[in-house]
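Understanding the architecture of this molecule
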Amino acid sequence: VGEGGEITYKKIQSSQIMGSIQLGIQHAIGGLASKPERDLLMQDFMTVETTNFPSEGSNHTPAHHYSEFKFKTYAPIAFRYFRDLFGIQPDDFLMSMCSAPLRELSNPGASGSIFYLTNDDEFIIKTVQHKEGEFLQKLLPGYYLNLDQNPRTLLPKFFGLYCYQCNSKNVRLVAMNNLLPSYVKLHQKYDLKGSTYKRKASKTERQKSSPTYKDLDFMEHHTEGIFLEADTYTALIKTMQRDCRVLESFKIMDYSLLVGIHNLDEAQREKTEARKRTDSGQSDDENEGEPKKSGLNRTRLEQAKEDFKTQVKRTQSINRQRLVAHSTAMESIQAESEPIDEEEDVPPGGIPARNARGERLLLFLGIIDILQSYRLRKKLEHTWKSMIHDGDTVSVHRPNFYAQRFLDFMARTVFKKIPSLDLPEIKGNH
Ligand code: ATP
Ligand code: CA
Ligand code: CA
């Protein structure tokens, strides 16, 4: 955060980065239209296209109110191929990326990266370090050999790699799929690695309205883990095993499983609470100070209007198919979606589960932050200490150790297999 509360990255105002990259992406996608679709060639992974964006505009770039900048698009043809693999049409990608302002996510990691979310909830743009950008470039051929063979994966789906250059500063950005729907309330969020070393959400994090908890917090909140039906459990663990094998082959470490939990029963209780409040005449704050006489009627009318609006909004978002194919949690693990409760208006694609109290959950999840390779890793003090703490002294095997521990933790501590979600001892009083 810079002076005056304005968010900055490398001393550039975030709003300027957002606006400029939208111009850059728009230009890049537009330019691709003239290039016919064809098979990928090895050199397509190495291409970099650079465009100048002077403020006054040029023959092929529009005038703008930001500082003059350069925009680099990495491997444009290759990324078009990957977008195609996930059914993303150029027009749709353009609409998502450029037709409305981006939203800045408020819960970035410790690395200082900034995250932008597209207005339609489909894509996330993350700023990455020079090394991470370079690594993704090198990773592309092998990574997508894998995706082509198996698009059902929990690994991040990368849709673009860009560099915004302004005043000799470089801001590298990757576009990827968004795992957590923002139109559903996520009652809990976890970033899990399978390590216990310093894996507890900080005090500042816990004070946020929607904190991201870590491994130790999970073990405290869910001492018995989260219950999945046998088939779902097997599909999930198998997918993670396959994904971890790929990550290990690239010597990748430090990735996490991001898990968002929507608690259907808690949502129900929240709804009932809200209804009770309005029924007993207590209106929401906005009506406070209204004349007493018309107060009650007005409240009812306002409430009816509000209810209608929420209903329309909810139906819109639920009926909308995800733009990116195979991108919901259920599709990623190739499991059939059994409707958890027909009468419930819940978004599709979440993995049905239960907690130890028998409450019905929907899980949204995926593997994130995979651009740290062991070979490129700096010898940080933390790395040393955590290595010793984790009992991993043979550093050559570190990516293997990391993957094993990760899988072990997910398969034993986080997720538990049960024959059915409707067993009386699991279901409780539902
Ligand atoms: P660090 O390296 O310190 O762990 P980072 O800056 O590399 O942090 P990530 O670990 O990639 O950041 O992500 C930080 C947080 O951003 C995650 O815990 C999650 O809340 C959110 N996030 C990251 N990627 C996604 C995604 N694809 N969809 C939804 N949320 C995401
Ligand atoms: Ca991380
Ligand atoms: Ca990181």
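To start, this report covers the structure provided alongside it. (Residues numbered from 1 in each chain as written. Chains lettered and ligands numbered in written order. Predicted model: local features only at pLDDT ≥ 70, side-chain atom pairs only at ≥ 80, totals over all residues. Heavy atoms only, no water.)

1. Considering the overall build of the protein
We count it as follows: Where helices and strands are cited, they refer to DSSP runs of H or I of at least four residues and of E of at least two residues respectively, numbered from the N terminus. For every residue, the accessible area (1.4 Å probe, protein chains only) is compared with the maximum for its type, and the residue is labelled buried under 20%, exposed over 50%, or partly exposed between those bounds. In what follows, a contact means two residues having at least one pair of non-hydrogen atoms within 4.5 Å. Residue burial considers only the protein chains on display, and all accessible areas are found by Shrake-Rupley using a 1.4 Å probe.
Broken down by element type, the protein carries 13 helices and 16 strands. Counting the 430 residues in the protein, one finds 47% classified as buried. In the protein, the proportion of contacts linking residues at least 24 apart, taken out of those at least 6 apart, comes to 71%. Summed over its atoms, the accessible surface of the protein is roughly 22500 Å², and 50% of this surface lies on carbon and sulfur atoms.

2. Looking at the environment of Asn-177
The condition is simple: Between N or O atoms, a polar contact is any pair within 3.5 Å; within protein, one atom must be a potential hydrogen donor and the other a potential acceptor, and residues adjacent in sequence are included only when both atoms are from side chains.
Tracing the backbone through its elements, the reader meets Asn-177 in strand E9 (residues 169-177). For the pair formed by Asn-177 and Phe-123, sequence separation is 54 residues and the distance between their alpha carbons is 4.7 Å. Setting aside chain neighbours within four positions, we find Asn-177 in contact with Glu-122, Pro-156, Lys-157 and Phe-159. Looking at Asn-177, its side chain comes within polar contact range of the main-chain nitrogen of Lys-157, at 3.0 Å.

3. Concerning the sheet that holds strand E7 (residues 123-128)
Note the following rule: Think of it this way: DSSP has to see at least two bridges between two strands before they count as a pair. With axes taken as lines fitted to C-alpha atoms, and helix axes fitted only over the stretch in contact, angles between N-to-C directions fall between 0 and 180 degrees.
On the basis of which strands lie adjacent, the open sheet formed by seven strands has the order E3-E4-E8-E9-E7-E6-E5 and antiparallel pairing. The strands lining the two open edges of the sheet, one partner per strand, are strand E3 (48-53) and strand E5 (103-104). When strand E8 (residues 158-166) meets E9, the two strands line up antiparallel, connected through eight bridges. Bridge pairing in E9 places Cys-163 opposite Arg-172. Where helix H2 (residues 76-85) meets the sheet, it contacts E3, strand E4 (69-74) and E8, and its direction lies at approximately 145° from that of E8. Here helix H4 (residues 130-149) sits on the sheet and contacts E3, E4, E7, E8 and E9; the angle it forms with E8, its principal contact strand, is near 150°.

4. A few points about the coordination of the calcium ion (ligand 3)
Where we set the bar: Water is not among the atoms examined, so metal sites may look incomplete; donors are the N, O and S atoms within 2.8 Å of the metal, or within 3.2 Å for Na, K and Ca.
For the calcium ion (ligand 3), every protein donor is listed as Asp-369 (OD) and Asp-369 (OD), and the spread of their distances is 2.4 to 2.5 Å. Metal-to-metal, the separation of the calcium ion (ligand 3) and the calcium ion (ligand 2) is 4.2 Å; Asp-369 coordinates the two. By secondary structure assignment, the location of Asp-369 is in the loop between strand E15 (360-368) and helix H11 (381-389).

5. Looking at empty space enclosed by the protein
Applied cut-off: In this analysis a 1.4 Å probe is tested at points of a 1 Å grid over the protein atoms alone, and where it fits but cannot get out there is a cavity; an open set with protein on both sides within 12 Å along at least five of seven lines is a pocket; lining residues have an atom within 4 Å of a point. Grid points are joined across faces, edges and corners, and a volume is the space filled by probe spheres set on the points. Just so you know the grouping, Ala, Val, Leu, Ile, Met, Phe, Trp, Tyr, Cys and Pro go in nonpolar, Asp, Glu, Lys and Arg go in charged, and all remaining residues, Gly too, go in polar.
Here the structure, examined in full by the defined rule, presents one cavity of 30 Å³ or more. There is about 50 Å³ of room inside the largest cavity. For the largest cavity, the full set of lining residues is Ala-28, Ile-29, Leu-32, Thr-73, Tyr-74, Pro-76, Phe-79, Arg-83, Phe-159, Gly-160, Leu-161 and Tyr-162. Elements with a contribution of two residues or more to the lining of the largest cavity: helix H1 (14-32), E4, H2 and E8. Residues belonging to the lining of the largest cavity are distributed by class as follows: nine nonpolar, two polar and one charged.

6. Some details on the pattern of salt bridges
Filter applied, for reference: Only one rule defines a salt bridge in this text: a Lys or Arg side-chain nitrogen within 4 Å of an Asp or Glu carboxyl oxygen.
This model, assessed by the stated rule, comprises 15 salt bridges. A salt bridge links Arg-38 to Asp-44; the nearest nitrogen and oxygen atoms lie 2.9 Å apart. The network of salt bridges with common partners includes Asp-191, Arg-199 and Asp-215.

7. So, the pairing of strand E13 (residues 256-263)
In terms of burial, E13 is a largely internal element, eight of the eight residues being buried. Every second residue of E13 is oriented toward a common face, with Ser-256, Leu-258, Gly-260 and His-262 on one face and Leu-257, Val-259, Ile-261 and Asn-263 on the other, all of them buried. Relative to E15, E13 runs antiparallel, the two being bridged by eight bridges. Note on E15: the bridge partner recorded for Leu-258 is Gly-366.

8. As for the environment of Thr-234
With respect to the helices and strands, Thr-234 occurs in helix H7 (residues 230-249). Sequence separation of Thr-234 and Ile-333 is 99 residues, and the distance between their C-alpha atoms is 9.3 Å.

9. Things to note about the packing of H7 against helix H12 (residues 398-414)
The criterion, for reference: Here the angle decides the label: under 35 degrees means roughly parallel, over 145 means roughly antiparallel, 65 to 115 means roughly perpendicular, and every other value means oblique.
Taken N-terminus to C-terminus, the directions of H7 and H12 make an angle of 170°; their axes are 10 Å apart at the nearest point. One way to sum up the angle between H7 and H12 is to call them roughly antiparallel. Note on element contacts: H12 touches H7 through Pro-399, Asn-400, Ala-403, Phe-406, Leu-407, Met-410 and Ala-411, opposite Tyr-233, Ile-237, Met-240, Gln-241, Cys-244 and Glu-248. Of the residues assigned to the contact of H7 with H12, the class counts are ten nonpolar, two polar and one charged.

10. Brief notes about the packing of H1 against helix H3 (residues 90-98)
Helices that pack against each other are described as a pair by the angle of their axes relative to one another and the distance between those axes. Orientation of H1 relative to H3, taken along the N-to-C sense of each, is 170°, at an axis distance of 10 Å. In terms of orientation, H1 and H3 fall into the roughly antiparallel class. Where H1 abuts H3, its residues Gln-22, Ile-25, Gln-26 and Ile-29 lie against Pro-90, Phe-93, Leu-94, Met-97 and Cys-98. Class assignment of the residues belonging to the contact of H1 with H3 gives a composition of seven nonpolar, two polar and no charged.

11. Section: the packing of aromatic side chains
When we look at a pair of aromatic rings, we describe it by the centre distance and by the angle of the planes. The test is simple: Two rings belonging to Phe, Tyr or Trp (six-membered ring only in the last case) form a pair when the distance between their centres is within 6.5 Å. Interplanar angles under 30 degrees mark stacking, angles over 60 mark edge-to-face geometry, and anything in between is tilted. Consider the ring centre and the ring normal. A charge sits over the ring if Lys NZ or Arg CZ is within 6 Å of that centre and within 35 degrees of that normal.
Evaluated as defined, the whole model comprises 14 aromatic pairs. Between Phe-69 and Tyr-164, the ring centres sit 5.3 Å apart and the planes meet at 50°, which makes this aromatic pair tilted. Highlighted residues: Phe-69 in strand E4 and Tyr-164 in strand E8, separated in sequence by 95 residues. Classification of Phe-69 as buried rests on a relative accessible area of 2%. Ring pairing ties together the aromatic residues Phe-45, Phe-79, Tyr-81 and Phe-82, which thus form one cluster. Across from the ring centre of Phe-93, 4.5 Å away, lies the NZ or CZ of Arg-83, which sits over that ring.

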